[in-house]
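Residue strings, one per chain:
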Amino acid sequence: MKSDRNYVYTERAHFMCPNMHFGIMAKIERNYDEEQLRQSIDVLQKAHPFLKSLIAEETDTGRFYYQTQDELNIPVMVKQEAALWKRDYEEISVQGWNVRKECLLKTVVYPKESEFQILFIAHHLLCDGRGLLQLAEEFAEHYANGVIPQFAREHLIQGLDDLPPDSDLPFISKLIIDDANRRWKKEGRQVKYEEEYGVFERAYLQKNKVNREIITICNPELEKIQTLCKQQGFTVNDWLIAKMMLEENTNKVVIAADIRNQTKCYRQGAMGNYSTAFSVFVKKNRENMITLAKRAASKVVSICQHPQKEMLVLACYIHMLPELIDAVAISALGDFESKAGKFVGKNMFGYGSQNGYSITNLGKIQSNIIAEAVFIPPASPANKKTWGVLTVNNHMKICVSDLIAER
C-alpha cells in the first residue's frame, strides 16, 4: 500500500547542508495594518500544508517526512529599519535552522504608514525560488485585494518515474554512486541530526560569512539589454551567464532550471522543489559579451534537449542512499569521519574547491502591489559566488552573494 506521506526524496540534499535557505525582500505599496498582515500570513498557511509542517522521522523505518503540526505558526518579526534588512537576514542565518522544530518559513516586516517591506526567508525544504516568489505574490494579492490562494497539497518528486523519460544516469555515473553507496554501508555510520549536524552547522555558519550586494538595472538600460538579446537570438538568462563568466573570469556557471511543466507529480500552486541545476561550460578566449552569450545559449539548448543531462543532479539524489547524502556536507566540511561522504562531497558536490559560480533567475513579474523585490539566493557551500536575479516592474535586481569560506 502506497503511503500518502510526503517523504524527503530529492530534497534530502537540503536536509543536512548549511545555508540551505533563501529569501525575497518585497516592498508592498499599501498602508500597513498589523492585523491584516497576520491574517494574510494565516491564509498562506491554510493554503499550503508544508507551511504547517516540520520534518519528522518514522520510528520504524528511519525515513524523514513532512509532518503537519496543528499549532505551528509562521514567525513574524517586526523591525523598523528596512535599510538594515541584510543585517537582519544574516542574524537569522547564523543561528542555523532546525527543521525538526522550526517552521520552514520565517518573515520580517518593516512597517511604514503608506507602505511596508516584508522579508520572506524560506528553507529549501519548503520550496524552490519560484515557489517562494509565488508565496510573495499570493501574500500581496490577499493583503491588498483579499484574494484567497487555492489550496494545493504537495506531491514531491519521488523517483525517476516523476521525471521525463530518459532521465536516468549514464552507466558510469551509476557505477560511481553504487560504489559510494557500498562503501557507506560498509562504514555502518549515520549522522545524528541535532547532536552532530546541528553542532557542525552552527560552527560552519559562524566561520563562513556571506557578503551580499544588490545591483539594480533599470530602464532604459534593461530595455536595451532585452532588445539586444532578441536581436542576437539569445535570452536574458544567456546574457547573465556571459556577464558572470566575463566578470568572474570563469568558464563554468551552474544555473537553476524550473521543471514544473516536465514533472508528472507537480500540482498547480504546490510548495516543494520542482527544479534542477546544470553546468554551462564554455571554453572562451577573451570573447565579447555577444559571442559568449551565443555560445552559452547553444550549450543550454543542447542540455535541455537531453533529459539525462538536464536532470542529472536529481537522478544522482535518487540513486544515492539518503543517509549518505546526509553525511556529505559534514564529512567534507566538518569533523565527521566518513571516506564515502567525503568522496561524494569533494568530487560530486563541489565542496572540495568551494569555488563554484551559480545563477538562479526567477524571471520577471508585473505588479501594482509589489513595487520592487530582491531575490536572495542560497549561499551553497559549493559556490564562491551566487547571483539571485528577479525583475519586477521592469527593474532587474541582482543579489550577489559572496561566500567568504574559511580555508
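Residues numbered from 1 in each chain as written. Predicted model: local features only at pLDDT ≥ 70, side-chain atom pairs only at ≥ 80, totals over all residues. Heavy atoms only, no water.

Undergrad: What am I meant to see in the sheet that holds strand 7 (residues 209-217) here?
TA: Consider a sheet: its strands pair through backbone hydrogen bonds, and that pairing is either parallel or antiparallel. Strand order in the open sheet made by the six strands is 7-13-12-10-8-9, with mixed pairing throughout. The open sheet has two free edges, formed respectively by strand 7 and strand 9 (275-281), since each of these has just one partner strand. On average, adjacent strands in this sheet sit at an angle of 20° to one another, irrespective of strand direction. Of the strand pairs in this sheet, strand 12 (residues 383-392) and strand 13 (residues 395-404) are connected by eight bridges, and their pairing is antiparallel. In the sheet register, Trp387 faces strand 13, and the bridge partner there is Val400. Seen against the sheet, helix 9 (residues 289-304) touches strand 8 (252-258) and strand 9 and runs at an angle of roughly 135° to strand 9. (Pairing = 2+ DSSP bridges. Helix = DSSP H or I, 4+ residues; strand = E, 2+ residues; numbered from the N terminus. Axes fitted to C-alpha atoms, helices over the stretch in contact; angles between N-to-C directions. Contact = heavy atoms within 4.5 Å.)

Undergrad: I tried to follow the sheet that holds strand 5 (residues 105-111) on my own but got confused; where do I start?
TA: Read from one edge of the open sheet, five strands run 4-5-6-1-11, paired in mixed fashion. Edge positions in the sheet fall to strand 4 (76-78) and strand 11 (370-376), since each has one partner strand and no second. On average, each strand axis in the sheet is inclined to that of its neighbour by 15°, with strand direction left out of account. Direction of pairing for strand 5 relative to strand 6 (residues 116-123): antiparallel, over a ladder of seven bridges. Counterpart to Val109 in the pairing with strand 6 is Ile118.

Undergrad: What is the right way to look at helix 6 (residues 193-207) in this model?
TA: Residues lying three or four places apart along an α-helix face the same way, a consequence of the helix completing one turn every 3.6 residues. The first and last C-alpha atoms of helix 6 sit 20 Å apart over 15 residues, in line with the 21 Å expected at 1.5 Å per residue. Along helix 6, the residues classified as buried are Tyr193, Tyr197, Gly198, Phe200, Glu201, Tyr204 and Leu205. Seen end-on, helix 6 carries its buried residues on one side only, within an arc spanning 160°. Residues of helix 6 that are exposed and point over 90 degrees away from its buried face: Glu195 and Lys207. Looking at the buried side of helix 6, the elements it contacts are helix 1 (12-15), helix 3 (85-93), strand 7, helix 12 (322-333) and strand 13. (Expected span 1.5 Å × (residues − 1). Buried < 20%, exposed > 50% of the residue type's maximum accessible area, 1.4 Å probe, protein only. Arc of directions from axis to C-beta.)

Undergrad: What should I look at first to understand the pattern of salt bridges in this one?
TA: In the structure shown here, the tally under the stated rule is 19 salt bridges. Between Glu91 and Arg87 there is a salt bridge; the shortest N-O distance is 3.9 Å. You can see Glu91 and its partner Arg87 sitting in helix 3, four residues apart, about one turn around the helix. Judged by relative accessible area, Glu91 falls into the partly exposed class, the value being 39%. The class of Arg87 is partly exposed, set by a relative accessible area of 44%. Put simply, Glu248 and Lys385 hold a salt bridge, and the shortest N to O gap is 3.2 Å. In this pair, Glu248 is assigned in helix 8 (residues 236-248) and Lys385 in strand 12, connecting sequence segments 137 residues apart. Residue Lys385 is classed as buried on the basis of its relative accessible area of 14%. (Salt bridge = Lys/Arg side-chain N within 4 Å of Asp/Glu carboxyl O.)

Undergrad: Help me understand unusual backbone geometry in this model?
TA: Most of the time, phi is negative for any residue but glycine, and the peptide bond is trans. The omega torsion across Asn219 and Pro220 is 5°, close enough to zero to call that bond cis. Considering the arrangement of structural elements, one finds Pro220 in the loop between strand 7 and helix 7 (221-232). The phi angle at Asn393 is positive, at roughly 55°, despite the residue not being glycine. The backbone of Asn394 shows a phi angle near 65°, a positive value even though the residue is not glycine. Checked against the element boundaries, Asn394 lands in the loop between strand 12 and strand 13.

Purely spatial values, then, with no claim about function.
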